[in-house]
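Notes for the structure review
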Amino acid sequence: MTANLSGPTDVDSSRDRRVRARIVIVTVLLVLVILAILVLSLLQRRQEILSAAERTAQNLAQVIEEQTKGSVAAVEVVLTGTATTMRLLPAKGGERKAAIHDLLLENVRKLPFLRAIWILDARGDMIHDSESLPGRYNLSDREYFRVHRDNPEYGLYVERPIRSRLGVWFIGISRRIDKPDGTFAGVIVAALEPKYLQRFYESIDVGKEGTVALMQPDGTLMVRAPAREDKIGEKLDPVPAYVGKLPHAASGSGRTVSAIDGVARIYTYRHVAGKPLVVLVELGETESLAGWRAVARAHVLASLAFVLMISWLSYLVLRELHSRSALSRALALDITARKQTEALLEGQRRALELVAVGAPLPQMLDMLVRIVEEQAPEMLGSILLLEADGVHLRHGAAPSLPEGFTRAIDGEAIGENAGSCGAAAFRREPVIVEDVATDPLWRDYRELAAAHDLRACWSTPIFDAQRRLLGTFALYFRTPCRPSERHRTLIAMATYIAAIAITKSLEEAKLRNLLLRLRDLSRRLLEVEETERRSINRELHDRIGQNLSILNLNLNLIRSGLSTNPPTAQGGRITEAQRLLESTIMQVRNVMADLHPPALEDFGLFAALCAHAESFGARIGMPIVVHW
């Protein structure tokens, strides 16, 4: 009789599923909220750090702009003052030249970042030079000369860094000199020392990845810290990001990858007011975010730990609900199912008892198959044993299968198309054939199965503890079907107990064979020992015993051949030699008796043992009794 489980049990199960679903949804939402808060907070903190880095770069750029503007303004004042002073000096003569030279030197001394000041006439010839360079120089090919000559209204001109003809880097800052009538009279030029600006830039702490640079609006590099002399005076390619912004904004910030070294940086630029110069300050993005990354890792680990804790608690709750649901289902099992389980356990106990008491293997296997068949009347069990050749299967037990079928498959070789059992043994894995009539594995046995009304067969290989194949366990059915979970449990139980029984039987057979071999070896060893003893006894008797007897006879003849009153010394030696010889003869006889007692051949083994025990007991002073 099967109990009806479609009432309260189904309701409870449905309610448990809804509760578990809600717990999973709440847990997932909580985890997502935590992760969202974590991501948002970290992104916000990251943006704050980047904004702070931008502000730092802006402040530094403003300071550097002021310093650069001041330096350029000072040069402009010097150039303007020098041009004005020159108009007040005498028009010609050596006095004018000396005065101008002293004026140039004095201005160079006032501004340490100036390397030199020189003056070109309207043709471009250098007519005054603070360094008093030897020779004559014409610099009409210089860009600054052409600019001032062709553009009367052009004010202060800042040229890109160039190397002088003496190989020295400088930045030329120049102004036009006009005659009283306003026509072009020449150019006054100050050579700004790039290294002075570079030393100042290097004194500013922008980190290991940061840079400070003085640029021209078109992206030409003038001064940079850290120094890159190979890029000075060149227009960077690709052009810096500020070039596109500069026409619309005199200052700005952003993020870019450096065209010089490929490092991602936060940059700020400021256009020096009224001058063709741009101050550029860059801070390394990775370096700026180093502290944020450490904090982010700590927050991520803490959040992950919290998420794991929540997940673990949810898992415990779900597991508890699952256990409660499983317990409810288990308690709702019908009486038939419980009886089947009890019957199965009882059958296992009986089968294991047969194995323990050492029952014959056919009896154990027959009992095991019957126990499995009791669980379902439609099942027909079979156990086939693998022969020692590892190729053929022999009948082990099949109490319910037709005898004609078992005789037909007995001794068949395993193989890919050798039915369910042959294929399972060949593949070393379970083979489930749902319909024998259509499965290709049963191509050669399909008619045989149909003749005995066998429509389905599930076969499982049987292995020992070392995964050696012992045989197969198969279940046959009269209708096509596939195994259920309970069927799999029965198969697992049967193969396990069958493996124990078969292994025990094989081990006992091996022990019996070893015992027989040991008995045979023991008997052969006794025969060899006895043969050896007889050989040694014959050797002692036939050779050594005879030689000693002849030697004793010769000594007697020598003694009798001497005079009646032989010398005392020779007589004593002969007497001593005879005594030693007689003692040796006695010892040799004892050895021969020990090796092969006379009683052994005359009266048999028991009499020989009794004589040996009596002799040994007399020597040790203790009576010895032999029981046969």
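Up top you'll find the structure we're talking about.
As the structure is a computational prediction, the values presented were derived from the model and not from experiment.

1. Here's the deal with the overall build of the protein chain
From N to C terminus, the protein chain includes 16 helices and 16 strands. Taking as baseline every contact in the protein chain between residues at least 6 positions apart, the subset at least 24 positions apart corresponds to 55%. Element-wise, carbon and sulfur atoms account for 58% of the exposed surface of the protein chain, whose accessible area totals about 36000 Å².

2. Some thoughts on the sheet that holds strand S8 (residues 221-225)
Reading across the sheet, the five strands line up as S8-S7-S11-S10-S9 and stay open at both edges, with antiparallel pairing between neighbours. Two strands close off the open sheet at either side, each with one partner strand: S8 and strand S9 (251-257). For this sheet the average axis-to-axis angle between neighbouring strands, irrespective of direction, equals 20°. Pairing between strand S7 (residues 211-215) and strand S11 (residues 278-284): five bridges, direction antiparallel. Along S11, the bridge assignment pairs Val212 with Val281. With respect to the sheet, helix H4 (residues 194-202) is in contact with S7 and S8, its orientation differing from that of S8 by roughly 40°.

3. Considering the nonpolar core
Among the nonpolar cores identified, the biggest contains 49 residues, and Val75, Leu79, Leu114, Ile117, Tyr201, Leu214 and Val281 are the most heavily contacted of them. If you tally residues by element for this core, the top one is helix H1 (residues 8-88), at 15 residues. What Leu114 contacts, discounting residues up to four positions off in sequence, is Val75, Asn107, Val108, Ala190, Ala191 and Leu192. Leu368, Phe473, Cys481 and Ile497 belong to the second-largest nonpolar core, a separate cluster that totals 29 residues.

4. Here we look at the sheet that holds strand S12 (residues 380-386)
Overall, antiparallel pairing links the five strands, which are arranged S13-S12-S16-S15-S14 in an open sheet. One side of each edge strand has no neighbouring strand; the edge strands of this open sheet are strand S13 (393-397) and strand S14 (431-433). Averaged over all adjacent pairs, the angle separating strand axes in this sheet is 25°, with direction ignored. Alignment of S12 against strand S16 (residues 469-477), held across six bridges, turns out to be antiparallel. Across the sheet, Gly381 pairs through a bridge with Leu475, a residue of S16. Sitting on the sheet, helix H9 (residues 361-374) touches S12, S13 and S16, and the angle it makes with S12 is about 150°.

5. Quick look at empty space enclosed by the protein
A full pass over the atoms with the stated rule returns three cavities of 30 Å³ or more. When its volume is computed, the largest cavity comes out at roughly 130 Å³. Among the elements that line the lining of the largest cavity, the one with the most residues is helix H11 (residues 419-427), at four residues. For the lining of the largest cavity, the residue count by class is 10 nonpolar, three polar and one charged.

6. Here we look at the environment of Leu385
Relative to the helices and strands, Leu385 is located in strand S12. A C-alpha to C-alpha distance of 9.0 Å links Leu385 and Phe473, two positions 88 residues apart in sequence. Ignoring sequence-local partners within four residues, the contact set of Leu385 consists of Leu361, Leu365, His392, Leu393, Arg394, Gly396, Leu470, Gly471 and Ile502.

7. Re the environment of Thr183
Positionally, Thr183 belongs in the loop between strand S5 (169-178) and strand S6 (184-192). Here Thr183 is in contact with Arg176, Ile177 and Asp178, once residues within four sequence places are set aside.

8. A short note on the pairing of strand S10 (residues 264-271)
In this structure, S9 lies alongside S10, joined through seven bridges in antiparallel fashion. In the sheet register, Val257 faces S10, and the bridge partner there is Ala264. Between S9 and S10, which pair antiparallel one after the other, the connecting turn spans six residues, and Gly262 there sits at a positive phi close to 75°. Examined bridge by bridge, S10 and S11 share seven bridges and lie antiparallel to one another. When the bridges of S11 are listed, Arg265 appears paired with Gly284. Hairpin connection, S10 to S11: the antiparallel pair is bridged by six residues, and Gly274 has positive phi, about 75°.

9. What about unusual backbone geometry?
Cis geometry marks the peptide bond from Ala225 to Pro226, where omega comes out at 0°. Along the chain, Pro226 turns up in the loop between S8 and helix H5 (242-245). For Arg428, which is not a glycine, the phi torsion comes out positive at approximately 65°. Note on placement: Arg428 falls in the loop between H11 and S14. Positive phi outside glycine occurs at Arg467, with the angle close to 60°.

Conventions adopted
Numbering of residues begins from 1 in every chain and follows the order in which that chain's sequence is written. In view of the model being predicted, local features appear only for residues whose pLDDT reaches at least 70, and side-chain atom pairs are presented and counted only at 80 or more, with totals across whole chains, interfaces and linings using the full set of residues. In computing side-chain properties, one takes all heavy atoms of the structure into account and sets aside hydrogens as well as water. Only DSSP runs of H or I covering at least 4 residues are called helices, and only runs of E covering at least 2 are called strands; the numbering of each starts at the N terminus. Working rule for contacts: check all heavy atoms of both residues, and any pair within 4.5 Å makes them a contact. All accessibility values rest on the Shrake-Rupley procedure with a 1.4 Å probe; residue burial counts only the protein chains present in the view. Any two strands are treated as partners once DSSP identifies two or more bridges connecting them. Every angle, taken between N-to-C directions, lies between 0 and 180 degrees, and every axis is a line fitted to C-alpha atoms, over only the stretch in contact when it is a helix. By nonpolar core is meant a set of buried Ala, Val, Leu, Ile, Met, Phe, Trp, Tyr and Cys residues that side-chain atoms within 4.5 Å join together. Whether a residue is buried, partly exposed or exposed follows from its accessible area with a 1.4 Å probe, protein chains only, as a fraction of its type maximum: under 20%, in between, or over 50%, in that order. Put simply, the grid is 1 Å and covers the protein atoms alone, a cavity is a trapped set of points that fit a 1.4 Å probe, a pocket is an open set with protein on both sides within 12 Å along at least five of seven lines, and lining residues have an atom within 4 Å of a point. Grid points are joined across faces, edges and corners, and a volume is the space filled by probe spheres set on the points. Note that Gly is not counted as nonpolar here; it falls among the polar residues with everything else outside the nonpolar set of Ala, Val, Leu, Ile, Met, Phe, Trp, Tyr, Cys and Pro and the charged set of Asp, Glu, Lys and Arg.

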